[in-house]
Amino acid sequence: MAPCNALGRRVLLAALLLVMVSVTAASAQEQVPKVDLFVGYQWLNPGGSAPLPFRSPNNPFAQKLPSIPQGLGTALAYNFDQHWALELDYGGNYNKFGVEQTVSVGPRFMWRTEGVNLFAHTLLGYNRLSIPHLNNSQSVSPILGGGIDLKVWKPLSLRLIEADYVFGRFGFADAVSPAFPDIRHSSFNGARLRTGLIFNFGYPPAVTPSASCSVQPSEVMVGEPVTATATGSNFNAKHTLTYSWSSTGGKVTSKDNTASIDTNGVAGGSYTVTAHITDAKMKKGGEASCTANFTVKEPPKNPPTMTCSANPSTVQTGTPSNITCTCSSPDNASVSISGWTASGGSISGTGGNATLNTTGASAGPITVSATCTDSRGLTASASTQVTVEVPPPPAPQASKLSTCDYPNPKKPWRVDNTCKAVLDDVAQRLQHEPDAKLVIVGNADPTEKRKNLAAERAVDAKAYLSGGEAKQGIDASRIEVRTSNEGGKTAEFWIVPAGASFTETGTTPVDENKVKAIPDHPKPAAKKAAKPKA
């Protein structure tokens with residue numbers, strides 16, 4: 001009997017696979033008939049063995065019953081909702097080897113999709129087996145299985161296949177002695193297959209699709225957006241719906257069941273947005289429309305306000321100033337700044353920032369102005385002042401007046417006549433500028449080996465100016481002597497105005513306690529006294 005058990009398990013597994021193949025598919029919300037009636041062909045494999053007739057009860061022989069292809073199946077189901085139903089089932093198969101009939105009842109669960117319905121049922125009922133020349137046998141029989149239905153049109157469907165496992169336990173006590181219990185009480189693990197037509201009755205009245213619209217917010221100021229939403233009812237949930245939108249005011253931008261309405265430029269008043277929903281797959285009645293109202297209010301028209309500032313607010317001629325203007329609208333309208341003007345200099349800028357160029361401007365205040373305009377054409381002006389000052393004269397600086405050369409190889413420190421003429425001009429400059437000072441920088445060529453020669457040249461030039469033969473009489477405290485490492489047989493004369501400093505690098509002050517001026521004509525050496533005659 002193992003092959004029969006295996007066959008039953010295969011049929012049950014096949015039935016479960018048939019109904020589970022679409023567990024992940026979403027069922028459609030659709031109309032369901034109150035009652036459906038299946039009538040069709042049924043094939044049966046009894047899945048068990050029965051004793052041969054005309055044999056001694058003490059010597060029985062079990063024969064496996066062959067499949068019975070001649071059969072009829074019918075089932076009447078009452079649907080509580082789109083999934084669950086109570087099913088009354090009858091099946092019968094007849095041929096020369098025997099007759100098996102079942103009457104059963106139980107729940108049915110159905111997954112309803114767009115064009116295919118899949119179901120599974122669990123039934124329990126009466127099973128009667130009739131074998132020629134043996135007494136009839138009865139059993140309480142569970143039936144487990146499922147199948148696939150194809151929708152043809154609303155009143156009629158096609159059961160593509162139904163596969164069921166049919167269990168029964170039949171007794172043959174009149175033909176088999178108790179010594180053979182497996183034959184005396186035989187378990188049948190049967191399988192049956194069905195196909196046929198389904199007649200659907202009692203559909204509820206058709207529901208017309210409808211739509212409802214809402215807006216959020218329902219009252220806005222000009223320029224604020226409005227969001228509209230359309231919700232369809234009684235459409236097939238498996239169908240893709242299309243939405244079209246229109247409005248008596250504003251620009252509509254939509255995506256599916258939601259639309260955004262731009263109210264920029266819309267005059268104040270009440271407006272209506274309309275949505276039209278269409279199910280292209282529905283042949284009749286697949287459309288619905290809805291409307292919603294919204295109100296647009298115009299804000300009060302207050303002009304913008306603006307302030308301007310300058311940084312820096314006081315500049316010298318030729319120095320720029322950065323001008324910043326800030327504008328805002330009390331009504332939150334968009335604003336822009338333009339129309340820059342200046343009473344002096346030149347102004348250039350974009351938006352709220354500009355630059356005042358004061359090159360060539362006269363000393364005094366310069367007024368800079370700009371204009372702010374909002375999106376409604378209302379304007380406001382503002383200005384600020386920049387004070388222009390004449391720059392002070394540059395700070396005094398030391399400058400080189402002249403240079404003396406020392407070409408005398410024997411007296412390389414000597415201030416010759418050419419240098420004296422230069423020093424006379426220097427003295428005249430110091431006499432005209434009594435607050436100025438003089439810096440004398442002495443130089444020596446690297447080839448000159450005399451020690452302190454550069455310092456001697458500077459000190460000798462100072463001696464000429466302060467007390468030389470020309471008697472220039474320049475105060476020695478106004479003259480500073482220094483040496484330089486630049487080289488050359490020269491002395492440089494730098495005039496330092498009052499308030500200025502001598503800042504030339506590479507020079508060193510001369511220690512006048514160690515370096516003294518060398519006279520131009522030194523006194524002759526004293527003569528020795530004559531020795532007395534003897």
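Everything that follows concerns the structure shown earlier in this document.
To start, this report covers the structure provided alongside it.

So, how was this worked out
- Residues numbered from 1 in each chain as written.
- Predicted model: local features only at pLDDT ≥ 70, side-chain atom pairs only at ≥ 80, totals over all residues.
- Heavy atoms only, no water.
- Core = buried A, V, L, I, M, F, W, Y, C linked by side-chain atoms within 4.5 Å.
- Buried < 20%, exposed > 50% of the residue type's maximum accessible area, 1.4 Å probe, protein only.
- Helix = DSSP H or I, 4+ residues; strand = E, 2+ residues; numbered from the N terminus.
- Contact = heavy atoms within 4.5 Å.
- Pairing = 2+ DSSP bridges.
- Axes fitted to C-alpha atoms, helices over the stretch in contact; angles between N-to-C directions.
- Phe/Tyr/Trp six-rings, centres within 6.5 Å; stacked < 30°, edge-to-face > 60°.
- Lys NZ or Arg CZ within 6 Å of the ring centre and 35° of its normal.
- Disulfide = S-S within 2.5 Å.
- Patch = residues over 30% accessible without salt bridge, like charges linked within 9 Å, V, L, I, M, F, W, Y side chains within 5 Å.
- Areas by Shrake-Rupley, 256 points an atom, 1.4 Å probe, with all protein chains shown as cover.
- Salt bridge = Lys/Arg side-chain N within 4 Å of Asp/Glu carboxyl O.

1. Quick notes on the nonpolar core
Within soluble globular proteins, side chains that are nonpolar generally end up buried alongside one another.
Here is step 1 of the chain: Grouped together as the largest cluster of nonpolar side chains are 26 residues, with contacts concentrated most on Tyr406, Leu423, Leu438, Ile440, Leu465 and Phe493.
Here is step 2 of the chain: Contributing elements (two or more residues each) for this core: helix H3 (417–432), strand S28 (437–442), helix H4 (453–467), strand S29 (479–484) and strand S30 (490–496).
Here is step 3 of the chain: Not counting residues within four places of it along the chain, the set of residues in contact with tyrosine 406 comprises Pro412, Trp413, Arg414, Val415, Cys419, Arg457, Ala461, Lys489, Thr490 and Ala491.
Here is step 4 of the chain: Membership of the second largest hydrophobic core comes to 21 residues, among which are Val266, Val273, Ala275 and Cys290.

2. Side note on the sheet that holds strand S23 (residues 346–350)
Here is step 1 of the chain: Ordered in space as S19-S21-S24-S23, the 4 strands form an open sheet in which the pairing is antiparallel. For this open sheet the edge positions go to strand S19 (305–311) and S23, each flanked by a neighbour on one side alone. Averaged over all neighbouring strand pairs, the angle between strand axes comes to 20 degrees, with direction disregarded.
Here is step 2 of the chain: With 4 bridges joining them, strand S21 (residues 321–328) and strand S24 (residues 353–357) adopt antiparallel strand pairing. Bridging across to S24, threonine 324 finds its partner in asparagine 353.

3. Here we look at the side chain of serine 130
Here is step 1 of the chain: For serine 130, the position within the fold is in strand S7 (residues 116–130).
Here is step 2 of the chain: In this view, serine 130 contacts Gly98, Val99 and Asn136; residues no more than four positions away in its chain are not counted.

4. A word on the packing of aromatic side chains
Here is step 1 of the chain: Tallying each qualifying case throughout the model produces 6 aromatic pairs.
Here is step 2 of the chain: When the centroid spacing of 5.0 Å and the interplanar angle of 80 degrees are considered together, the rings of phenylalanine 170 and phenylalanine 188 count as edge-to-face. Of the two residues, phenylalanine 170 is situated in strand S9 (residues 156–171) and phenylalanine 188 in strand S10 (residues 185–201); the sequence distance between them amounts to 18 residues. Judged on exposure class, the residue phenylalanine 170 and its partner phenylalanine 188 are both buried.
Here is step 3 of the chain: Through a chain of ring-to-ring contacts, three or more aromatic side chains come together here, namely Trp84, Phe109 and Trp111.
Here is step 4 of the chain: A cation sits over an aromatic face here: lysine 154 above tyrosine 203, 4.9 Å from the ring centre.

5. Brief notes about the state of the cysteines
Here is step 1 of the chain: Under the counting rule described, the total for this entry stands at 4 disulfides.
Here is step 2 of the chain: Sulfur-sulfur distance for the disulfide between cysteine 308 and cysteine 325 comes to 2.0 Å. An S-S torsion of about 110 degrees defines the bridge between cysteine 308 and cysteine 325 as right-handed. Residue cysteine 308 is located in strand S19, and its partner cysteine 325 is located in strand S21; the two are separated by 17 residues in the primary sequence.
Here is step 3 of the chain: According to the relative accessible area criterion, cysteine 308 is buried, its value standing at 16%.
Here is step 4 of the chain: Using a relative accessible area of 5% as the deciding quantity, one classes cysteine 325 as buried.
Here is step 5 of the chain: What connects to what in the protein, once the bonded cysteines are numbered by sequence position, is 1-2, 3-4, 5-6, 7-8.

6. Considering a nonpolar patch on the surface
Here is step 1 of the chain: Residues Val39, Leu72, Val152, Trp153, Leu158, Leu160, Leu197, Phe199 and Phe201 make up a contiguous nonpolar surface patch of about 800 Å² in total accessible area.
Here is step 2 of the chain: Counting residues per element, the ones that place at least two in the nonpolar patch are strand S8 (137–153), S9 and S10.
Here is step 3 of the chain: Broken down by element, the nonpolar patch gets its largest block of residues, 3 residues, from S10.
Here is step 4 of the chain: By the secondary structure assignment, valine 152 is in strand S8.
Here is step 5 of the chain: Residue valine 152 is classed as exposed on the basis of its relative accessible area of 51%.

7. Comments concerning the pattern of salt bridges
Here is step 1 of the chain: In this structure the tally under the stated criterion is 15 salt bridges.
Here is step 2 of the chain: The salt bridge involving arginine 194 is made with aspartate 89; its shortest N-O contact spans 2.6 Å. Of the two residues, arginine 194 sits in strand S10 while aspartate 89 sits in strand S5 (residues 84–95), which places them 105 residues apart along the sequence.
Here is step 3 of the chain: Looking at arginine 194, the relative accessible area reads 2%, which means it is buried.
Here is step 4 of the chain: The exposure class of aspartate 89 is buried, given its relative accessible area of 1%.
Here is step 5 of the chain: Connected through salt bridges with shared partners, the residues Asp89, Asp149, Arg159, Glu162, Asp164, Arg192 and Arg194 form a single ionic network.

8. Some remarks on the sheet that holds strand S17 (residues 269–279)
Here is step 1 of the chain: A sheet is described by the order of its strands in space; here 4 strands give the open sequence S12-S18-S17-S14, paired in mixed fashion. Only two strands of the sheet have a single partner each, and these edge strands are strand S12 (219–221) and strand S14 (241–247). The sheet shows a mean angle of 30 degrees between the axes of neighbouring strands, taken without regard to direction.

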